[in-house]
Each structure stands twice: as C-alpha cells, then as structure tokens.
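# Structural features, examined
Here is what each chain is made of, one letter per residue.
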Amino acid sequence: MEKNRITTTKAQFDESLHKIDNTEIEYWLARELMFLLGYERWENFENAINRAMESCETSGIAVSDHFREVTKMVQLGSGAQRKVKDYMLTRYACYLIAQNGDPKKDEIAFAQSYFAVQTRKQELIEERISYIERAEARGRLKESEKRLSQNIYERGVDDAGFGRIRSKGDQALFGGHTTQDMKRKLGVNDNRPLADFLPTLTIAAKNLAAEMTNYNVETNDLQGEDSITNEHVLNNYTVRTMLGERGIKPEELPPSEDIKKLERRVKSQEKKVAKESARLPDSINFETLNNSNTSDT
C-alpha cells in the first residue's frame, strides 16, 4: 500500500472517529465504517459484525463493552425520515471486524493496522502494513515451494535434490551468489531460512520463479533432477533479467527485519488492543452524543 494512500486512508479513518463528551471513550459508527472497509451492502457488513462479536465472546470479553446496537434517524430522498439500526464500536470492536475481513483488501489490511496501534501514528501503521504485505508474500512463497517439493518428489527427486534445485535457483536469481553467500552477506544464521530476512520484492521474485517452475514441470511433465534444475535456473534468471531492466539487483537490496521478530511484535500489539480500548458506558443516550468528528494523531 503506497505511502500517499496510507496518508489519505488514515485521514478518512480519523475523520470518522467520535468521542463521548467529557470522557476518553472513542467510538466509530458501523454505517460509516462499512464504506471505509470496502463494503457496499449493510447486510454483508452486519454479518462481519456478528462474526466479530462471536470472536469477542469466545475471548471471554463482554460483547456489550465494545459493541452497542443503536437506532438513529436517516433522511430519505423524499424528505421524510426513518429509523435504521447502527452500532457503536470501540477500537477493539473495529479491530475484530477487520480481523474477520479479507487481508488481501487494502482497506482491511489498513484497518487491522490502524486499530491495532494505540497511538495510530502513521509510521507505526506503515510498519504494520508492510509486515502484513511481507508476511503474505512469505506465505505464498512457502506454498509454491511446498508444491514444487511435491512435484519433484513425484518425478524421482528426493529432499536433497530439492535442496540443490532451490540453491541453483537462488544462485541464478542473485547473480551467482549462492544461498550461503547471501546468508553471510545479510548476516543470517545458517539455521534460518534466507527468505525470512528478504524484502518483500525479493520474496515475490522467488515466488514468481517457483510458480513458473511448477507450471512448466506440470505442463511439460518434466522428469528428473537435471531437467527440473535447468527449468528452475532459467526461470530465476528470467526473473532476474526482468528486475535488472528496472535497475534492480536482488543481491544488492538491503535485508529486512527478521520476519519472526516482526511477527512477535505484531502479536504483542494485538494482545493489547482489548486492554487499551475503553469500554462503552453501561447507559448511552444516543441523541445526546457528541457526533462531531475528531482527529487523534
């Protein structure tokens, strides 16, 4: 997600924030939030709210502390008014709703980060979104390499052969540098996967090459270590050439933070959301709430 779009999206979320007078309680209204999360139909969004409430209850947290059904009047095109159902949602409630959404949607990935970070500082949101994107890329690479491992096993190549094929692919992608060369260059321990320290772009490049290999191995029914190695090396070299045309050399990109360390930090943030999210008061008169938007940066 581009930085400029993060800035714009953050401003929209900040503008939808409400506070109850003379309290530190902040909340969002579901009918405003649904559009920010990319939903068009209330029925679909209410389903997401219900799933979030179930998650809240499963966690042993009182649903009424964070989800409060309210009724408000809306203006119709004819000038008349009618009552509609809405929900007041705490930060924790909004976070749970985002957690029940599709993380591949930019709006959902942003919301997960926005509501997970107490201060909602933009740099922290950007860091968390970057982690989500990198974790997704890492997950896709794991799946493509798992499929490649299965493909070559079915074609007479053992685990050691898979390791050699993958290493030769790395050497082609990194301009002659072996996997071990890149580990030393980036300061990665021998017992850790190189991909856990690669930037998102390089992870995506490795995944593209692996997917190309899977496709051609399956389509052309390639057999044996030599033919599959040649295929994988060619695909990695092709991806490297494409990156080079844009002035990118994978072996020269700086390492990223250990993805496992990032994961622990993100999980720690998530555990704090419920504790740091002020609960809704027991009694609420919706008509007297201060509905003026406030920005909390």
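Anything mentioned here points back to the structure above.
Since the structure is predicted, the reported quantities are computational estimates derived from the model, not experimental observations. (Residues numbered from 1 in each chain as written. Predicted model: local features only at pLDDT ≥ 70, side-chain atom pairs only at ≥ 80, totals over all residues. Heavy atoms only, no water.)

### Considering the overall build of the chain
Along its length, the chain carries eleven helices and four strands. Against the compact-globule benchmark of 19 Å for 297 residues, the chain has a radius of gyration of 24 Å, which places it well outside the compact range. By principal-axis analysis of the C-alpha atoms, the chain measures approximately 75 × 40 × 35 Å. Each of the 297 residues in the chain was classed as buried or not, and the buried ones make up 44%. Pairs at least 24 residues apart make up 67% of the contacts formed inside the chain by residues separated by at least 6 positions. Looking at the chain as shown, the accessible area adds up to about 15500 Å², and 47% of this sits on carbon and sulfur atoms. (Helix = DSSP H or I, 4+ residues; strand = E, 2+ residues; numbered from the N terminus. Rg over C-alpha atoms; globule rule 2.2 N^0.38 Å. Buried < 20%, exposed > 50% of the residue type's maximum accessible area, 1.4 Å probe, protein only. Contact = heavy atoms within 4.5 Å. Areas by Shrake-Rupley, 256 points an atom, 1.4 Å probe, with all protein chains shown as cover.)

### Regarding the packing of aromatic side chains
Following the criterion strictly, the structure yields ten aromatic pairs and no others. The interplanar angle of 85 degrees and the centroid separation of 6.4 Å between the aromatic rings of Trp28 and Tyr114 together place this pair among those described as edge-to-face. With Trp28 in strand β2 (residues 26–29) and Tyr114 in helix α5 (residues 106–116), this pair connects stretches of sequence that are 86 residues apart. In this structure, Trp28 and Tyr114 share a single accessibility class: buried. (Phe/Tyr/Trp six-rings, centres within 6.5 Å; stacked < 30°, edge-to-face > 60°.)

No statement about biological role is implied by the geometric values presented.
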